[in-house]
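# Survey of secondary and tertiary structure
Here is how the chains run, residue by residue.
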Amino acid sequence: MKRLAPIFAVAFCLPALAEDRCTWLNAATAAGVLGGEVQMTVTEGSCEFVHLENSLRIEVRATNAPHAQCVSPAEPLKAIGNEAQACAYHGKPGWVAEQVVGKVRDQAFLVRISTQNQSAAPKILREKARKIAEQVAGILF
């Protein structure tokens, strides 16, 4: 019975460890995109990574319609799931944000990169969001 104790301890810890993992992106990749070590928050259907004044959010929902909130004309994107598009997003006051939304089968996804750095180039943020969206769409296939 003493030999089984470590096995039971590991078995009980596994669900807790799984809750702290993002299904679509790991913390190391997010840190590379955001410029340093990240704090991660994982909920059902979303992951958010934060580094200082930068944020990366991923959402995946079972739906047939992308959940974009574009404040600029959307740019269609090829080879990232179905109906993928990139656009600017205005969320929190004082933040600059770009996002990519699209669908893979019956799941809609959103990748949003935000920063408080007002001098950040939207084109660079959009390209980062596009690259992460490619990874998310690939995982959803």
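Please refer to the structure placed before this passage.
Worth saying up front: this structure is predicted, and the values here are computed from it rather than measured.

### A short note on the overall build of the chain
A tally of regular secondary structure across the chain gives three helices and seven strands. Going through the 141 residues of the chain one by one, you find that 38% of them count as buried. Counting only contacts in the chain whose residues sit at least 6 apart along the sequence, the fraction spanning at least 24 positions is 44%. Put simply, the chain shows about 8500 Å² of open surface, and 56% of that area lies on carbon and sulfur atoms.

### What about helix 2 (residues 27-34)?
Burial in helix 2 covers these residues: Ala30, Ala31, Val33 and Leu34. The arc enclosing the buried residues of helix 2, seen along the axis, measures out at 165 degrees, which places them on a common side. In helix 2, the exposed residues that point more than 90 degrees away from the buried face are Ala28 and Gly32. Lining the buried residues of helix 2 we find strand 2 (46-51), strand 3 (54-62), strand 7 (107-115) and helix 3 (122-140). Residue Gly35 follows helix 2 closely and has a positive phi angle near 95 degrees.

### A short note on the state of the cysteines
Following the criterion strictly, the structure yields one disulfide and no others. Here Cys22 connects covalently by a disulfide to Cys47, the sulfurs 2.2 Å from one another. Where Cys22 bonds to Cys47 through sulfur, the torsion about that S-S bond is close to 100 degrees, and the disulfide is right-handed. On the criterion of sequence distance, the pair formed by Cys22 in the loop between helix 1 (5-19) and helix 2 and Cys47 in strand 2 is long-range, its members being 25 residues apart. The same class applies to Cys22 as to Cys47, namely buried.

### Details of the sheet that holds strand 6 (residues 96-104)
Pairing is antiparallel across the open sheet formed by seven strands, whose spatial order is 1-2-3-7-6-5-4. Looking at which strands have only one partner, the edges of the open sheet turn out to be strand 1 (39-43) and strand 4 (75-76). Two strands pair when backbone bridges link them, and strand 3 and strand 7 are joined in this way by nine bridges, in the antiparallel orientation. Looking at strand 7, one finds that Ile58 is bridged to Val111. Here helix 2 sits on the sheet in contact with strand 2, strand 3 and strand 7, set at roughly 50 degrees to strand 2. Most of the contacts of helix 3 go to strand 7, to which it runs at about 150 degrees, and overall it touches strand 3, strand 4, strand 5 (82-89), strand 6 and strand 7.

### Things to note about the layout of surface pockets
Of the pockets and cavities examined, the largest pocket occupies roughly 170 Å³. Lining the largest pocket we find Glu48, Ser55, Arg57, Tyr89, Gly91, Lys92, Trp95, Val96, Ala97, Arg112 and Ser114. The residue makeup of the lining of the largest pocket, split by class, is four nonpolar, three polar and four charged.

Calculation rules
Residues numbered from 1 in each chain as written. Predicted model: local features only at pLDDT ≥ 70, side-chain atom pairs only at ≥ 80, totals over all residues. Heavy atoms only, no water. Helix = DSSP H or I, 4+ residues; strand = E, 2+ residues; numbered from the N terminus. Buried < 20%, exposed > 50% of the residue type's maximum accessible area, 1.4 Å probe, protein only. Contact = heavy atoms within 4.5 Å. Areas by Shrake-Rupley, 256 points an atom, 1.4 Å probe, with all protein chains shown as cover. Arc of directions from axis to C-beta. Disulfide = S-S within 2.5 Å. Pairing = 2+ DSSP bridges. Axes fitted to C-alpha atoms, helices over the stretch in contact; angles between N-to-C directions. 1 Å grid on protein atoms, 1.4 Å probe; cavity = no way out; pocket = protein on both sides within 12 Å on 5 of 7 lines; lining within 4 Å. Points joined across faces, edges and corners; volume = space filled by probe spheres on them. Nonpolar A, V, L, I, M, F, W, Y, C, P; charged D, E, K, R; others polar.

Functional significance is not addressed by these values, which are geometric in nature.
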